[in-house]
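Here is what each chain is made of, one letter per residue.
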Amino acid sequence: MLLGFVVLGSFGSAGNDKACQPVKYWVFENGQWVEKSEPRIWWYCQEPEKIKNFEGFAFKEKPYGLLKKPESIILHQAARELSQLVGIDELNGESSRNLSSYGGMFIDENKGLIFVYVRDEKDKEKIRKALEKYKGKVNVAFLKGKYSFEQLKEEGEKAKELFRSRELGITWLSYQNSKNRLIIGLESVSPRNLELLSGHLDKLRIPKEAVIVEEIDLKPLNIENYGKLSLIQPLSRNDVIRPLMGGIQFQVPGHNYCTLGFPAEKNGIVGMVTAGHCTDEGAPAYQPDTSDPSYYIGNVEIKLWSPAQGDMAWIKTTVGVTPKVYPYFIIKGYKPYRYQYVGSTVLKSGRTTGLTGGIILDISTSLEIRTTMEVAPGDSGSPVFYWCQGQAYKYVQIYGLLYRWDPDEETSTYLSIDDVLNNLGVELITG
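Computed from a predicted structure; not experimentally measured. (Residues numbered from 1 in each chain as written. Predicted model: local features only at pLDDT ≥ 70, side-chain atom pairs only at ≥ 80, totals over all residues. Heavy atoms only, no water.)

**Observations regarding the layout of surface pockets**
Looking at the largest pocket, its volume works out to about 1100 Å³. Lining the largest pocket are 35 residues, with Phe163, Pro307, Ser366, Glu368 and Arg404 positioned closest to its centre. Of all the secondary structure elements, the ones that give two or more residues to the lining of the largest pocket are strand 7 (170-176), strand 17 (296-306), strand 18 (310-317), strand 22 (354-364), strand 25 (395-406) and helix 6 (417-424). Examining the composition of the lining of the largest pocket, we find that 6 residues originate from one element, strand 7, more than from any other. Looking at the lining of the largest pocket, its residues break down into 15 nonpolar, 11 polar and 9 charged. (1 Å grid on protein atoms, 1.4 Å probe; cavity = no way out; pocket = protein on both sides within 12 Å on 5 of 7 lines; lining within 4 Å. Points joined across faces, edges and corners; volume = space filled by probe spheres on them. Helix = DSSP H or I, 4+ residues; strand = E, 2+ residues; numbered from the N terminus. Nonpolar A, V, L, I, M, F, W, Y, C, P; charged D, E, K, R; others polar.)

**Observations concerning the pairing of strand 8 (residues 182-186)**
Across the 5 residues that make up strand 8, a large majority, 5, are buried. Here strand 8 shows two buried faces, one formed by Leu182, Ile184 and Leu186 and the other by Ile183 and Gly185. Strand direction decides the pairing type here: strand 7 and strand 8, joined by 4 bridges, are antiparallel. The residue bridging Ile170 from the neighbouring strand is Leu186, located in strand 8. One crossover worth recording links strand 8 to the parallel strand 9 (residues 211-215) by way of helix 5 (residues 191-204), and it is right-handed. (Buried < 20%, exposed > 50% of the residue type's maximum accessible area, 1.4 Å probe, protein only. Pairing = 2+ DSSP bridges. Right-handed = clockwise from strand over helix to strand, strands pointing away.)

**Focus: empty space enclosed by the protein**
Enumeration according to the criterion identifies 1 cavity of 30 Å³ or more in this entry. By volume, the largest cavity is sized at about 170 Å³. As for the largest cavity, its lining consists of 15 residues, of which Arg40, Lys179, Glu214, Leu361 and Arg370 are closest to the centre. Elements supplying a minimum of two residues to the lining of the largest cavity: strand 1 (22-29), strand 2 (32-39) and strand 22. Split by residue class, the lining of the largest cavity holds 6 nonpolar, 2 polar and 7 charged.

**Focus: the sheet that holds strand 4 (residues 105-108)**
A sheet is described by the order of its strands in space; here 4 strands give the open sequence 3-6-5-4, paired in mixed fashion. Two strands lie at the open edges of the sheet, namely strand 3 (54-57) and strand 4, each paired on one side alone. Within this sheet the neighbouring strands show an average axis-to-axis angle of 25 degrees, counted without direction. In this sheet, strand 6 (residues 139-143) lies alongside strand 5 (residues 113-117) in parallel orientation, the contact comprising 5 bridges. The residue of strand 6 that forms the bridge with Phe115 is Ala141. Helix 3 (residues 121-130) contacts strand 3, strand 5 and strand 6 of the sheet and is inclined by roughly 170 degrees relative to strand 6. (Axes fitted to C-alpha atoms, helices over the stretch in contact; angles between N-to-C directions. Contact = heavy atoms within 4.5 Å.)

**Regarding the confidence of the model for the chain**
Averaged over all residues, the pLDDT of the chain equals 89, while 88% of them reach at least 70. Every residue in residues 1-15 is under pLDDT 50, and counting partners more than four places away or in other chains gives 28 contacts. Under a pLDDT of 50 for its full length, residues 227-234 has, in the predicted model, 17 contacts with residues more than four places off or in other chains. (pLDDT = per-residue confidence, 0-100.)

**Topic: the packing of aromatic side chains**
Tallied over the full model, the rule gives 16 aromatic pairs. Ring centres 5.2 Å apart and planes at 70 degrees place the aromatic pair Phe28 and Trp33 in the edge-to-face group. Residues Trp43 and Tyr44 carry aromatic rings whose centres are separated by 5.8 Å and whose planes lie at 70 degrees to one another, so their mutual orientation is edge-to-face. Here Trp43 and Tyr44 have matching classes, each one buried. Linked through ring pairs, Trp42, Trp43, Tyr44, Phe106, Phe115 and Tyr117 together constitute an aromatic cluster. Taking the ring centre of Tyr25 as reference, the NZ or CZ of Lys179 above it sits at 5.0 Å. (Phe/Tyr/Trp six-rings, centres within 6.5 Å; stacked < 30°, edge-to-face > 60°. Lys NZ or Arg CZ within 6 Å of the ring centre and 35° of its normal.)

Written as structure tokens, this is what we have:
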């Protein structure tokens, strides 16, 4: 029962305190950048009818009050069918063709709601028909969007050029979010940086009205600058644990503590995946630390750490691995990024903060996913996951690999599982 209280406590913090915590952002109005503020997860903090762009439900009955709290698996099934109807698959270059006025979607797991930006009445009717079988179980709240997903995607592709400007300090770029806008993160927002950004947007012919600017200063989850004594992890993740599993402490010489992610094999050889910045290519790895030669577990075979390749590594192990996340969650598979939705609940298991949960905030153009999960230095490399088919506390699906955070904004970032497996050329080991 203690584990249940830990997880529920994390969800409560993310779903209430953090959800309704005001955050600043900047929009371009009447020829100038204007600072505004709203709750971090704004749709959690008000009824749909009170939302500015609310246009109505797909079905007549409200999905909350009259209904029991929906099962998460049913909500995700409905969202998945809507994704298939839309026809978007970024990884394989497929774009929306079936719903031309579709502007993006996100979910509210507590109320059983799928929010959809859509303008055309014909598109609304297609959605109603496609999800008719979920009537009385989940509902769709239609929001009036200004931009189609296709438009935002095109602007997002052009905006990738912004990363070439070092003085601008771009840290984030997303068109898969809850704002029906292009979100651009800057290391620091100042009048000068906003002016610089305006110039770049004009050159790229990106309408400034389609952009939301946030101050997002993402950092690697390094422990060196925070001191060891203040970061004591719960449970026994710093013990010698064999076979190896996700969510436990490890160390490479010259680096401080990090977390093993999940087991994966390459050409039939087993190993463990973790964050690249925790390792050096060819270096020996130890679990739980480097204090005893007998703790040796293998060598770092692959290290990737660049904006283009991501932040990940694969350790070729000489000891056994098991398809588990600490302490006893069994890995049954993984959730492709295209079925990870803004508003979904996710978990991570790390050596410093243990098991914590949060909400997906948005998904970047490079398949990085930003969340409200609580993290701290030393959690780098943690597996990000969620329960498989509603089997809480037993089976899980891997969502990705934790590697960065923004301590000021209290957000964390993980790499999608698709990206990790593809770039490392490994296959997830399941149980």
